[in-house]
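The residues making up each chain are set out below.
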Amino acid sequence: MSFPKGFLWGGAVAANQAEGAWNAGGKGWSVADVATYKPDTDVKDYKAHVMISSDAIKKAMEDTDETFYPKRRGIDFYHHYKEDLALFAEMGFKVFRLSIAWTRIFPTGEEAEPNEEGLAYYEDVFKEMKRLNIEPLVTLSHYEMPLALSMKYNGWADRRVIDCFVRFSRVCFERFGKYVKYWLNFNEVDSIIRHSFITAGIIPDLCGEKGELACCYQALHHQFVAAGITARLLRETVPGAQMGCMLTKLMTFPRTCAPEDVAATQYKNLENMFYSDVMVFGEYPRMILRDLEKRGFEIKMEPGDLDIIREGTVDFVSFSYYMSMTESVDPNAERTPGNTVLGVKNPYLSTSDWGWQVDPVGLRISLIELYDRYKKPLFIVENGIGAKDTVEEDGSIHDPYRIEYFRSHFKEMEKAIDAGVELMGYTSWAPIDLISASTNQMSKRYGFIYVDQDDCGKGTLKRSRKDSFYWYQKVIRTNGADME
Ligand code: BG6
C-alpha cells in the first residue's frame, strides 16, 4: 500500500513567524511581537531564548525597531501572500496550514467588535487559496495571543481568557467557515510547560508564590475547557467541519534496557500524551491527575467543566514531529537539544546543525503508537529540518540534506500507512523560510523556498526555489510514488 488517493500534501506556517506587518491593518501587540533575537546566546540553550519578564516586555514595547524583534517583520507574508501561495500551488500543494493572528481580529482580545480589516485580510487569503485549489488547515492559536491579555490577566492562567478565545473562535467560524473545513485549536498544547509565555501568555514574575508551573497547569485546564467549547461551537456553526488537537510528539526511547530507564521513559511518554488524551478521550488521565496531586498542584475547576471537556472532543489528531530522544536515570548521561527540550543523546542517530536528533523511524513508531491509542485519523502538521543554506553565485540553492531528511521520513510514513494507520495528510514545516519560533533566527532555514533575509532583517525578501522545491513537487505529483 502507498499514499492513499486524495492524500493531503502541503506545508505549514504560523502567522507570527511569517506574516510580519505587526502593526498594520489595525493589528494589536501579540506576545510574539516582544520575542527577542539574542545573537550572543547559544542556540542550543532554548530556555535562554524563550525567557521573558515584565521588564523585558516593557523594554520591548518602548522599542518599535524590528531588528531584534524578528517576528514583527516575519517574511512579510502579509504582503507577499499571493506570490507565496502561487509558489505553493506550483509545488502542487493540496493543503496549506496557516494560523489566524488573534490580534488582527481582536487587537487586545477584549474589543466588543472584531476588526474588519483583519477579517477582510484573511478572507482574501482564503479566496486566493480557493482559486488555487488549496485546502486551508487553520490553527486558531499558534503562539500569538494578544499581549494585552497576557499583561492584564497573566494570560491563560486567568479563566476570563476562555471567553475572549471563544469569541475570537466564533467570529472565525462564522466568517471563514465557508472556506475552511479543517481547524486546529491550540498549536502544541503541551508546550505550555516548556515556554509558558509564548504558548499561553504567562509571565513568570506575575505567578506569585504558587510559581510558574502551577499557573501552567491551571492555564492548561482553561485551554481544555476552551477547546471543548470551541469544538462544539464549530459543529453547530459549520456543519461538516472538523476540529483537531495538536501535539508536539516528543518520542522518547529508553537509553538502555535497564528497567529503571524503561520506567522513566514510560512516564515521559505518558506525560507527553496527557494533553491529547484529554482532548480525544474527553477526560483527564487518572495517573496524571494523581501525579499532579502528589506534586502539590491543585487545578481549580468549575462545575460543568468536565462535562464540557467530555462533550467537546476532537475529530482528528494532529502533531508535529522533528526528532526523538532517549531517557535515562543516569544523571551523567550525555544530553542533546531537541524541539524546546533537552533529552538524553541516542548514539545511533545523527543530529542537525541545531543539535536535534534525526530519526525517521521514530516517526513511524509515533504514527503507530498514536493511531493505536486514539483510533482517530492522524495528520502530520509539522515535520522538517532547520539547516544553514548556501546561495551559489548563480542564485541556485542545493539542499540535498533537506531532501534526504524528507525522503527518509516519507518512507517511514508509507510503512505506517501500510501497517494500517489512517493518515489524512502531511504539511511540512515550513515550505518557505521563516523566523524560528525558539531562537528567532532567520538563518535556521526550513523551506523549499529561500527568502533573502538575514537574522537582523537585511535582504530583499526575494523568494527563490531550492533544489528541494522541485523534489517535493515531484513527490506530490506522483503521490509519493517517486521519491528519488
Ligand atoms: C514547532 C512550532 O514546535 O516547531 C513551530 O510549532 C516552530 O512554530 C517549529 O517553528 C520549529 O521550531 P524552531 O524553533 O526551529 O522554529
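Everything below is about the structure shown above.
Residues numbered from 1 in each chain as written. Predicted model: local features only at pLDDT ≥ 70, side-chain atom pairs only at ≥ 80, totals over all residues. Heavy atoms only, no water.

**Considerations on the site of the ligand**
Here is step 1 of the chain: If you check the shell around the ligand, you find 15 residues, and the closest are Glu188, Ala437, Ser438, Lys444 and Tyr446.
Here is step 2 of the chain: One nitrogen or oxygen atom from the main chain of alanine 437 is found 2.7 Å from an oxygen atom belonging to the ligand.
Here is step 3 of the chain: Between an oxygen atom of the ligand and a side-chain N or O atom of tyrosine 446, the distance comes to 2.5 Å.
Here is step 4 of the chain: Relative to its free-state accessible area of 380 Å², the ligand is covered by the protein chains to the extent of 98%.
Here is step 5 of the chain: Taking a 2 Å distance to the grid points as the criterion, the majority of the atoms of the ligand fall inside the largest cavity.
Here is step 6 of the chain: Residues that form the shell around the ligand fall into these classes: 6 nonpolar, 6 polar and 3 charged. (Near = heavy atom within 4 Å. Polar contact = N/O pair within 3.5 Å; in protein donor to acceptor, adjacent residues only side chain to side chain. Areas by Shrake-Rupley, 256 points an atom, 1.4 Å probe, with all protein chains shown as cover. 1 Å grid on protein atoms, 1.4 Å probe; cavity = no way out; pocket = protein on both sides within 12 Å on 5 of 7 lines; lining within 4 Å. Sits in = over half its atoms within 2 Å of the grid points. Nonpolar A, V, L, I, M, F, W, Y, C, P; charged D, E, K, R; others polar.)

**Focus on the sheet that holds strand 4 (residues 182-186)**
Through backbone hydrogen bonds, the strands of a sheet pair up, either in parallel or in antiparallel fashion.
Here is step 1 of the chain: Spatial ordering of the closed barrel is given by 1-2-3-4-5-7-13-14, a layout of 8 strands whose pairing is parallel. Each neighbouring strand pair of the sheet contributes to a mean axis angle of 25 degrees, computed without reference to strand direction.
Here is step 2 of the chain: As paired elements, strand 1 (residues 8-12) and strand 2 (residues 95-99) share 3 bridges and run parallel to each other. In the strand pairing of strand 2, alanine 12 is matched with arginine 97. (Pairing = 2+ DSSP bridges. Helix = DSSP H or I, 4+ residues; strand = E, 2+ residues; numbered from the N terminus. Axes fitted to C-alpha atoms, helices over the stretch in contact; angles between N-to-C directions.)

**With respect to helix 12 (residues 286-294)**
Here is step 1 of the chain: Buried within helix 12 are the following residues: Ile288, Asp291 and Leu292. Buried residues of helix 12, seen end-on, are gathered within an arc of 100 degrees and therefore sit on one face of the element. Residues Arg286, Met287, Glu293 and Lys294 are exposed on helix 12 and point more than 90 degrees away from its buried face.
Here is step 2 of the chain: The secondary structure elements touched by the buried residues of helix 12 are helix 10 (212-237) and helix 11 (259-281).
Here is step 3 of the chain: One or two steps after helix 12, the chain reaches glycine 296, where phi turns positive at roughly 85 degrees. (Buried < 20%, exposed > 50% of the residue type's maximum accessible area, 1.4 Å probe, protein only. Arc of directions from axis to C-beta. Contact = heavy atoms within 4.5 Å.)

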